[in-house]
Amino acid sequence: MSNLKNQDPDIASIIDSEVKRQNNFLELIASENFTSKAVLEAVGSPLTNKYAEGYPGRRYYGGCIHVDEAENLAIDRAKKLFKAEYANVQPHSGSSSNMGVYLAMLEPGDCIMGLDLSHGGHLTHGSKVSFSGQIYNSVTFHVKKEDGLIDFDDLLKKAKEHKPKLIICGASAYPRQVEFEKFREIADEVGAFLHGDICHNAGLIAAEMHPSPFPYCHVVSTSTHKTLRGPRGGIILLGKDFENPYGIVAPKSGRVKMMSELIDAAVMPGIQGGPLMHVIAGKAVAFKEALDPSFKDYIKSVLENAEYFAEEFKSRGYNVVSGGTDTHLVLLDLQNKDVTGKQAEHALDLAGITLNKNMVPFDPKSPFVTSGVRIGSPALTTRGMGLDEVKIIVDLIDKVIINNEDKSVIESVKQEVKELCKSFPIY
Ligand SMILES: *Cc1c(COP(=O)(O)O)cnc(C)c1O
C-alpha cells in the first residue's frame, strides 16, 4: 500500500490500525468473517472504474467485454453453489437484495410477515424503522417462550388473519436451522410467496450442512460476507424460474414475463444504478472458494466450534437460548448473571473480545441495553482456531462477565487475548 501511504498517510494509518485491531482482537460477531486476500485483491482492483449498468450482453455502456466475463462467472458459480436456476449478483448488500425481492414481488401497502426484530429477525423483515415496515404493511411472528423456537402456531394464526403476500423466513439471531418446509406449508395454506433470507446461513447451506431453501422458497436472498466469507454484498436466487403471477407481459412478444426478469428489473433500474464490478469479481472469487471441498471442512469446524461454545457456556451456568445451536451462532441470556448485554459488550470490548449485545426472546430490556449477547464462530474459525481455543475463550469471557467492573481482570484478559491471537495471524 505504498501509494496510499505516500498520498494519504491519514487513511493509510487508519487502515493499518484497523488491520492491527482485526489481528489482535477476538472477533465473535456472528455476522462477520475474514475474507481471503484473493477476494481483497479483486475488490481493490481497477474494475471499480467501470460503469456497467444493465446485465452481461445487454449493457447501457460500451467497453463491458471483460466485466461481462466476470459477472457471468459470478452468476454461474452462484448457481452451481446453491443449485439454483437463476442468480442476480448485483445487489450491493443483503438489505439491497431484500429490497429488490420486495420491489419485484410486492406493491406498496401489501402485507408481509417476518420474524420480529426482537426475536432474532432482521430490520428488513418489516421493522418500522426500515423501508420494509414503512412501505409495506408488516406483521411479525415470534419464537416460543419455552424453547426459543419459531412459533409456527402463532405464524399460522396470524397468516390466516392477515393474508400476507410474502412470508420471510431466515433471521439474524436464530441459533437453530430454518425449517423451510414448515414455512412453505403455511405459505401454501394462505396463498403467500415464501422468501428465504439466508444471509446468516448461506455458507452452511453452500456446504450442505444446513437444509437448502430450495425447492421450498419461491425466492432467496443473501449477503455474501457472513458465513459465505466473500466481499460485502448481496445476491438474489431462484431455485426454479417461473412465470410471474401478476400477468405482466413483455410489450413486444406479449408473452408472460418470467420472475427472473422482474427481479433483474427490480435490482436495475429499480433500486440501483451501476453495479460494483470490482465487488462482483470478488463475489466470483469467493464462490470459487466455497465450491472447493476445503470450504466444507471450514463450515464443519465452524459448526463444531459453535456447538462447543454452547456446551462450555452451559457447563458454567449460562442460559443458552433454545438450549444450544445447530448453526454458527449462540445466543446467551445473561439475566441470571446480573449483567446486561450492554455492560457485557462494553467490558469484553475493553478486554479485546468483540461481540454484540443482543435482545433475547421476550427481553424486558430495550434494544440499547438488552439482556443477552450473540456469539459467532465463523471469524475465529477462519483464523484456524478450534475446540482448544474455544474452551480458553469461554473461560476468558466468563471471567470478564463475572468481573465486568474490575479493571485489573479486564487488563489481564486483554493480554491473554493478545497472546492467543498472535498464534493465529490473519493478514
Ligand atoms: C445481515 C442481514 C441482512 C442485511 O445485510 P446487509 O448486507 O447488512 O445489508 C439481511 N437479512 C438478514 C437475515 C441478515 O442477517
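Small disclaimer: the values here were computed from a predicted structure and weren't measured.

## Observations concerning the domain arrangement of the chain
Examined at the domain level, the chain breaks down into domain 1 (2-30 + 293-422) and domain 2 (41-291). For domain 1 and domain 2, the distance between their C-alpha centres works out to 28 Å. Counting residues at the interface gives 26 residues for domain 1 and 27 residues for domain 2. Linking domain 1 to domain 2 there are two salt bridges. In this structure, Asp326 engages Arg176 in a salt bridge whose closest nitrogen and oxygen atoms are separated by 3.1 Å. There are 11 residue pairs in polar contact (both at pLDDT 80 or more) connecting domain 1 and domain 2. Listing elements by their share of the side of domain 1 that touches domain 2, those giving two or more residues are helix H12 (293-315), strand E12 (329-333) and helix H14 (378-382). Take the side of domain 1 that touches domain 2: its biggest share by element is seven residues, from H12.

## Quick word on helix H8 (residues 180-190)
Because each turn of an α-helix spans 3.6 residues, side chains separated by three or four positions end up pointing in the same direction. Buried residues of H8: Phe180, Phe183, Ile186, Ala187 and Val190, and no others. Seen along its axis, H8 keeps its buried residues to an arc of 125°; they face one direction. Summarising the contacts, the buried residues of H8 are in contact with strand E6 (137-141), helix H7 (152-162), strand E7 (166-169), strand E8 (193-197) and helix H9 (202-206). Positive backbone phi, at 70°, marks Gly191, one or two positions downstream of H8.

## Some details on the packing of helix H4 (residues 65-82) against helix H11 (residues 277-291)
Two elements in contact, H4 and H11, have axes whose closest approach is 8 Å; the angle formed by their N-to-C orientations is 35°. In the packing of H4 onto H11, the handedness of the crossing is left-handed. Contacts between H4 and H11 pair Val67, Ala70, Glu71, Leu73, Ala74, Arg77, Ala78, Lys80 and Leu81 from the former with Met277, Ile280, Ala284, Val285, Phe287, Lys288, Ala290 and Leu291 from the latter. Considered class by class, the residues forming the contact of H4 with H11 number 13 nonpolar, no polar and four charged.

## Some points on the sheet that holds strand E14 (residues 356-358)
Reading across the sheet, the four strands line up as E11-E12-E15-E14 and stay open at both edges, with antiparallel pairing between neighbours. Either end of the sheet is taken by a strand with one partner, and the two such strands are strand E11 (319-320) and E14. Pairing of E14 with strand E15 (residues 372-376) involves three bridges; the strand directions are antiparallel. When the bridges of E15 are listed, Asn358 appears paired with Gly372. Packing of H12 onto the sheet brings it into contact with E11, E12 and E15, and relative to E12 it is tilted by some 20°. Its contacts with the sheet put helix H13 (residues 341-350) on E14 and E15, and the angle it makes with E14 is roughly 170°.

## A closer look at H4
The first and last C-alpha atoms of H4 sit 26 Å apart over 18 residues, in line with the 26 Å expected at 1.5 Å per residue. Among all positions in H4, only Val67, Asp68, Ala70, Glu71, Ala74, Ile75, Arg77, Ala78, Leu81 and Phe82 are buried. Turning to H4, the residues buried within the fold contact strand E2 (54-55), strand E3 (58-59), strand E4 (86-88), H9, strand E10 (234-238) and H11. At the exit of H4 stands Lys83, carrying a positive phi of roughly 50°.

Quick notes on the rules
Residues numbered from 1 in each chain as written. Predicted model: local features only at pLDDT ≥ 70, side-chain atom pairs only at ≥ 80, totals over all residues. Heavy atoms only, no water. Domains from an automatic or database assignment. Contact = heavy atoms within 4.5 Å. Salt bridge = Lys/Arg side-chain N within 4 Å of Asp/Glu carboxyl O. Polar contact = N/O pair within 3.5 Å; in protein donor to acceptor, adjacent residues only side chain to side chain. Helix = DSSP H or I, 4+ residues; strand = E, 2+ residues; numbered from the N terminus. Buried < 20%, exposed > 50% of the residue type's maximum accessible area, 1.4 Å probe, protein only. Arc of directions from axis to C-beta. Axes fitted to C-alpha atoms, helices over the stretch in contact; angles between N-to-C directions. Left-handed = near helix turned anticlockwise from the far one by under 90°. Nonpolar A, V, L, I, M, F, W, Y, C, P; charged D, E, K, R; others polar. Pairing = 2+ DSSP bridges. Expected span 1.5 Å × (residues − 1).

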